[in-house]
Amino acid sequence: MPGIARSLTGHLPPPRRACLEEFRDGSGGVIDQGIAIRFPAPGSYTGEDVLELQGHGSPVAMQMLIRQCLDLGARLARPGEFSERAFLAGRLDLAQAEAVADLIESSTAAAARSAMNALRGVLSQQVHALADGLTDLRVYVEAAIDFPDEEIDFLADGEVMRRLESLEQAFTDLRRGMRQGRLLRDGLRVVISGAPNTGKSSLLNRLLREQRAIVSDIPGTTRDVLEQYLDLDGLPVMLVDTAGIRDSDDVIEAEGVQRARQARQDADLVLEVRDHALEGPGGSHGDDAGGPVIFVCNKIDLSGHPPGADGDAVYLSVLTGDGMDALVERIKEFAGYREAESAGYIARQRHLDALERAHRHLSLGIERLREMRAGELLAEELRLAQNDLGEITGTVTSDDLLGRIFGSFCIGK
C-alpha cells in the first residue's frame, strides 16, 4: 500500500489525516483531485494498511483511478472482503460484520437504527451473556459430576433447575428480540387478494397514500402482480396487488389469476378483501394462502357496519378511510412488530435458526435431567447449545458459512 500511495500522490500521506491530493497516472498526468487518508495497521477497519481515496465521483475518473491502482498491483475486492478481513482480524464479530451489510441495505429508519445497534454489538452482547450462563451452569454440573462424594446432591438442591429456568427465560427474551430484528431486516410480504371489484387496488392506493394502481368498476382491471414498497411505522412491507380471483375464459386474465394464487402461496400475510355490502367476513380463498389471513371487510360505508377489528376480520371503508388504522395495527400484530422496540437490533434468519438449535439442546438436557437424572447428558447438551450460539457471533464457524455470508455482501464492502 505505501508504494501505491507514493505512486498516486507523489509522497506518503500522513496517517489519519485528510489531505487534498492530485491523483496521477503512470505518466504523471493528473487523473483527479481529491482526498487521501492513510490508515496504518492496525488502526484501520480491516486491521491492515489502508489508503482511502475520495474523488469527484465521475464514473470515467473513477474508472481511470481504479485502473491505475490495478496497474500498480492492487486488485478488486471480492464481495464482502473488507468486512471479512475485519472479522478475521478480530475487529468485528460475525454478527457485527453482517450488520454492516444490513446497515447499507436498510429500507427504513428503524431498520437503520437497529442495524447500527447490531454493529455496535448489542446483539452480540446478549448472545455472549446467554452463552456465559450456559458455561456457568455447565461448570457447576461438571464439578458436581467430578466430585460425587460430596454430601450435597446437586440434582436435589434445586440450584440446577433454578438456573435452567433462568436460561429458558433468557432464550425466550432473545428470541423475541431476534424476531423483531429479522422483521426489520427482511420485512413482510403482504398480498392483497380477493374477488374482482372488492376494492383491492383501492386498498393498495389507500395504504400507499397515492394512486399507484388503476381503479375501475370494470371487473378484471388488474391482470398482473403489482408490487409496491411501504414503510409501515418503521416495518418494511412489500405490498402485492393481485388480479381478482375468479374463473375466466380470457387467457390474459386467467394467467393473472394463476399468478395471484401463486402470490398467495408465497405471502407472509394475505389481506382477503371482501365486499361487506354483499357478503360476510368469511371466505372461500383463505385456506390456500401461504401465511395467515386477515379478512378485510370493505365498503362498510354502504353496509353500515362500524369500523374496527373483530377476530380475524377488519371492518373498514377504503373510500372514507374509516377503519384503516385498525387494519394497520392488525398487520403489525400478525407480524409481532412492536414499534416501541424498533430501536433494538437487526437480526437474520440464520441467527434465529442457530438460537432455536441451541434452545432444543437445552430443552433436551432438561428432559434428560428430569427423566434420567443424568448430569453427564445435561452437561453435553449445554456444550452443544454453546456451540450453536457460537455460530451467531463467529466463535464457532466454518469456511462454508463464511463464504455464504460474505459472498452476499455488496461489491467490496
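Draft legend 1. Structural context of the packing of helix α4 (residues 94–104) against helix α5 (residues 109–119). Close contact between α4 and α5 brings their axes to 8 Å; oriented N to C, the two are set at 160°. Between α4 and α5, the angle is such that the two are roughly antiparallel. Both α4 and α5 take part in a crossing whose hand is left-handed. Contacts between α4 and α5 involve Q96, A99, V100, D102 and L103 from the former and A112, A115, M116, A118 and L119 from the latter.

Draft legend 2. Expanded view of the environment of A18. Turning to its location among the elements, A18 is positioned in the loop between α1 (2–9) and β1 (19–24). Look at A18 and you get exposed, because its relative accessible area is 59%. Sequence-wise, A18 and R38 are 20 residues apart; in three dimensions their C-alpha atoms are separated by 8.1 Å. Setting aside its immediate chain neighbours within four residues, A18 contacts I35, A36 and I37.

Draft legend 3. A look at the pattern of salt bridges. This model, assessed by the stated rule, comprises 29 salt bridges. With a shortest N-O distance of 2.9 Å, R274 and E272 are connected by a salt bridge. Exposure remark for R274: the relative accessible area of 5% places this residue in the buried category.

Draft legend 4. Layout of the sheet that holds strand β6 (residues 235–241). Strand order in the open sheet made by the seven strands is β5-β6-β4-β7-β8-β10-β9, with mixed pairing throughout. Lying at the two open borders of the sheet, with one neighbouring strand each, are β5 (226–232) and β9 (308–310). Adjacent strand axes in the sheet meet at a mean angle of 25° when their direction is disregarded. In this structure, strand β8 (residues 293–298) lies alongside strand β10 (residues 313–315), joined through three bridges in parallel fashion. From the neighbouring strand, V296 faces β10, where its bridge partner is V314. Relative to the sheet, helix α11 (residues 324–335) contacts β4 (188–194), β5, β6, β7 (269–275), β8, β9 and β10, its axis offset from that of β8 by approximately 175°.

Criteria and cut-off values
Residues numbered from 1 in each chain as written. Predicted model: local features only at pLDDT ≥ 70, side-chain atom pairs only at ≥ 80, totals over all residues. Heavy atoms only, no water. Axes fitted to C-alpha atoms, helices over the stretch in contact; angles between N-to-C directions. Helix = DSSP H or I, 4+ residues; strand = E, 2+ residues; numbered from the N terminus. Parallel < 35°, antiparallel > 145°, perpendicular 65-115°, else oblique. Left-handed = near helix turned anticlockwise from the far one by under 90°. Contact = heavy atoms within 4.5 Å. Buried < 20%, exposed > 50% of the residue type's maximum accessible area, 1.4 Å probe, protein only. Salt bridge = Lys/Arg side-chain N within 4 Å of Asp/Glu carboxyl O. Pairing = 2+ DSSP bridges.

By themselves, these figures tell us nothing about what the structure is for.
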